[in-house]
Amino acid sequence: MAFRFFSRLFPQDFDFCELFEKQATVAVDSAGVLKDVATDGLNDSHVAAIRALEHAGDEAAHAILEQLDKTFITPFDREDIHALANELDDVIDQIDTIVNRMRVYKLTAASKSLLEFANVTEEAVSALAKAVNGMRNLKNGHVSVEEACVEVNRLENVSDVLRDTVLADLFETEKDAIAVIKWKEIFQDAEKVLDQCEDVAHILRSIVLKQA
Amino acid sequence: MAFRFFSRLFPQDFDFCELFEKQATVAVDSAGVLKDVATDGLNDSHVAAIRALEHAGDEAAHAILEQLDKTFITPFDREDIHALANELDDVIDQIDTIVNRMRVYKLTAASKSLLEFANVTEEAVSALAKAVNGMRNLKNGHVSVEEACVEVNRLENVSDVLRDTVLADLFETEKDAIAVIKWKEIFQDAEKVLDQCEDVAHILRSIVLKQA
Amino acid sequence: MAFRFFSRLFPQDFDFCELFEKQATVAVDSAGVLKDVATDGLNDSHVAAIRALEHAGDEAAHAILEQLDKTFITPFDREDIHALANELDDVIDQIDTIVNRMRVYKLTAASKSLLEFANVTEEAVSALAKAVNGMRNLKNGHVSVEEACVEVNRLENVSDVLRDTVLADLFETEKDAIAVIKWKEIFQDAEKVLDQCEDVAHILRSIVLKQA
């Protein structure tokens, strides 16, 4: 009886992992939309899709933070749960920002340069999703978390070089200053997604280290 | 005697609310200057006014942080007082940044688009000032704090849509690339004021929740 | 015996100051490269030099954070050591960002305006290095730390005014919009170095105040 009472007071078994897996799936889907936009050129269905994903991402983050408020004993440090939810949300928001900006700037053509960023983004977000899944069983999973984090760091470096190449090329070939203004911002936004993926990887690694 | 001694050691009744009300008034006045700039076009008296307000804002924030250092028992969490003072200051600084940038970029014409931002900003900053006043009596005031925070969140969404509309219009109508560079930055700055108002609202809400 | 055992467990005498002095030297050298770039125009040896310094800065920061993990009793607050290492690294990274961006944007001419920023940066970074050296002996050194911090605050104000002057001049004289896009970003980056120097100064001051 007493045990039941306490387990209701301290629902330590609440499945935070499931909520994070859901949030990571939204990030993976957002990266997929970015790839479609870069491949096919932006259309209304992309705009609707990314808006829906941004809402789903907000709800996923909100559900985690709300559960955190109700839970006394958490599987990981409270601040880490808080930070992970917020920074995964930043990844989703940043992809939404890119697609929305393209809509506002009427950048509706396909773009090989953006596709290169979208591919790197998809790889990074998939690695993060794998790492989030690895958290469910840290005993066996910490290796996969570490591998995913190393991979995300590598991809962040790739995207730095990519941004330099793409911007150099933009200034070399695009003589319309207003087009330069628009695309420069999009490419710099695209590189930031990888910075934010790296922030997520840092938190995941720190969670794993504390459990070790 | 003992009581007097302790009350000197622990001046828990220090009126932090008064200092925050002063700081909020500076923010309201800054929003007023932004509205004048947008309505009349920028002139030297606006530049002088915003500079004086920026100084007054710095002094208000400084007074709060100094008092915080001297006070052992505070009416709200120390970190919340610290954060509230800094983030209200960010609102004031951001409005100062906009007006100063317009001076540097010689943007001296009235602007209907900027006026729309200035109106939203004025509403948001007034709501924050109302919420700050509500903190004085949290028993009756917490409803007004909550209402003000909901209102600021609404206005932040309004300003996001406004930024998209105004930037789409800028790219549509302005063919001088250098004018685009200047105004794009001003409008993006103007939207950031609302993000910062939302940050202030979050802290106010968190203070109220902890007192509940 | 017992003493030896404990001193191995608690290596409180670990020389964090030496590591910070090393990191500060990297910052001073980076500022020197920025000055060379502004004076002579960018060439390949500058690019190589700043890349090497950026790596050295990363290693210095990494060494401090690694040592922090191994050390139970630290000469200053753990969070302050952490913040100081990261924010000194931000100064170095920001200078690297400027030089790298100039390479990508093919801005290879000498620039009097950039030289003015580089001079202010060199003064600020040298003041920080002096303050870092002052931490070694806080009894006598705290005056020099305080003096250096006052100096960095002064230089940050100088760089604000400089940015306004330089940007006003850029918009006045440069009629090629694409050149405006490039240089505007470089000058705004250059001013940010001083903001980051001020952040470092704030931490140094806070360390000194806690030891007082």
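Residues numbered from 1 in each chain as written. Chains lettered and ligands numbered in written order. Predicted model: local features only at pLDDT ≥ 70, side-chain atom pairs only at ≥ 80, totals over all residues.

Student: What should I look at first to understand the overall build of chain A in this one?
Tutor: What chain A contains, in helices and strands, is seven helices and zero strands. Counting from the amino terminus, helix and strand elements in chain A follow one another as α-α-α-α-α-α-α. For the C-alpha atoms alone, the extent of chain A along its principal axes is close to 75 × 30 × 20 Å. Restricting to contacts in chain A with at least 6 residues of sequence separation, those with at least 24 account for 82%. (Helix = DSSP H or I, 4+ residues; strand = E, 2+ residues; numbered from the N terminus. Contact = placed C-beta atoms within 7 Å.)

Student: I keep staring at the interface of chain B and chain A and nothing clicks. Help me out?
Tutor: Interface size is often expressed as the accessible area that is lost when the parts come together. On the side of chain A, five residues touch chain B, which itself brings seven residues to the contact. At the level of secondary structure, the elements contributing two or more residues to the side of chain B that touches chain A comprise helix 6 (138-173) and helix 7 (177-211) of chain B. Of the residues forming the side of chain B that touches chain A, the biggest block, four residues, is contributed by helix 6 of chain B.

Student: Help me out: how do you make sense of the relation of the copies chain B and chain A in this one?
Tutor: Each copy of the chain is related to the other by a rotation around an axis and a translation along that axis. By a simple turn and slide, chain B fits onto chain A: the slide is 0.0 Å along the axis, the RMSD is 0.0 Å, and the turn is 120 degrees. Such a combination of rotation and displacement between the chain copies is what one expects of a three-fold axis. Within chain B, A177 of chain B has its C-alpha nearest the rotation axis, a separation of 3.5 Å. (Least-squares fit on C-alpha atoms with pLDDT ≥ 70 in both.)

Student: Quick question: what am I supposed to make of the environment of H55 of chain A here?
Tutor: Here H55 of chain A shows up in helix 3 (residues 44-70). Residue H55 of chain A is classed as partly exposed on the basis of its 13 C-beta neighbours within 10 Å. (Buried ≥ 20, exposed ≤ 12 C-beta atoms within 10 Å, placed from the backbone.)

Student: Looking at this structure, I do not really get helix 4 (residues 78-104) of chain C. What am I missing?
Tutor: Side chains that are three or four residues apart share a direction in an α-helix, a result of its 3.6 residues per turn. Its 27 residues place the ends of helix 4 of chain C 38 Å apart at the C-alpha level, agreeing with the 39 Å of an ideal helix rising 1.5 Å per residue. Where helix 4 of chain C terminates, the next one or two residues include K106 of chain C, which has phi positive at roughly 55 degrees. (Expected span 1.5 Å × (residues − 1).)

Student: Would you take a moment to explain the interface of chain B and chain C for this structure?
Tutor: Listed as interface residues are five residues of chain B and, on the opposing side, seven residues of chain C. Here the side of chain B that touches chain C gets three residues from one element, more than from any other, and that element is helix 7 of chain B. Its residues assigned to classes, the side of chain B that touches chain C shows five nonpolar, no polar and no charged. (Nonpolar A, V, L, I, M, F, W, Y, C, P; charged D, E, K, R; others polar.)

Student: Any chance you could explain the packing of helix 2 (residues 16-40) of chain A against helix 5 (residues 112-134) of chain A here in plain terms?
Tutor: Helix packing for two helices is described by the angle between their axes and how far apart those axes are. All names here are of chain A. Orientation of helix 2 relative to helix 5, taken along the N-to-C sense of each, is 165 degrees, at an axis distance of 9 Å. Compared by their axis directions, helix 2 and helix 5 come out roughly antiparallel. When you trace helix 2 past helix 5, the crossing you get is left-handed. Within the contact between the two elements, helix 2 uses F20, E21, A24, T25, A27, V28, A31, G32, L34, K35, A38 and T39 and helix 5 uses L114, L115, A118, N119, T121, E122, V125, S126, L128, A129, V132 and N133. Taken together, the residues of the contact of helix 2 with helix 5 sort by class into 14 nonpolar, seven polar and three charged. (Axes fitted to C-alpha atoms, helices over the stretch in contact; angles between N-to-C directions. Parallel < 35°, antiparallel > 145°, perpendicular 65-115°, else oblique. Left-handed = near helix turned anticlockwise from the far one by under 90°.)

Student: What am I meant to see in the environment of A118 of chain C here?
Tutor: Topologically, A118 of chain C is positioned in helix 5 (residues 112-134). Considered as a pair, A118 of chain C and A31 of chain C are 87 residues apart in the sequence and their alpha carbons are 6.7 Å apart.

Student: Help me understand the confidence of the model for chain A, please; the structure alone is not making it clear to me.
Tutor: Low pLDDT marks regions whose predicted coordinates should not be analysed in detail. All names here are of chain A. Mean pLDDT over chain A stands at 91; residues scoring 70 or higher make up 91%. The secondary structure element of chain A with the lowest average pLDDT is helix 1 (residues 2-9), at 48, and the one with the highest is helix 4 (residues 78-104), at 97. Here the predicted complex carries an ipTM of 0.90, next to a pTM of 0.92. (pLDDT = per-residue confidence, 0-100.)

Student: Can you help me understand unusual backbone geometry in this one?
Tutor: It is generally the case that most residues other than glycine have a negative phi and that most peptide bonds are trans. One non-glycine residue, K106 of chain A, adopts positive backbone phi at about 55 degrees. Note on placement: K106 of chain A falls in the loop between helix 4 and helix 5.

Student: Can you walk me through helix 3 of chain A in this structure?
Tutor: Residues and elements named next belong to chain A. Its 27 residues give helix 3 an end-to-end C-alpha distance of 39 Å, which sits within 8% of 39 Å, the value for a rise of 1.5 Å per residue. Among all positions of helix 3, only I50, L53, E54, G57, A60, A61 and I64 are buried. Residues of helix 3 that are buried sit in contact with helix 2 and helix 4.

Student: Help me understand the environment of Q94 of chain C in this model?
Tutor: If you trace the backbone, Q94 of chain C turns up in helix 4. Counting along the chain gives 62 residues from Q94 of chain C to G32 of chain C, while the straight-line C-alpha distance between them is 14 Å.

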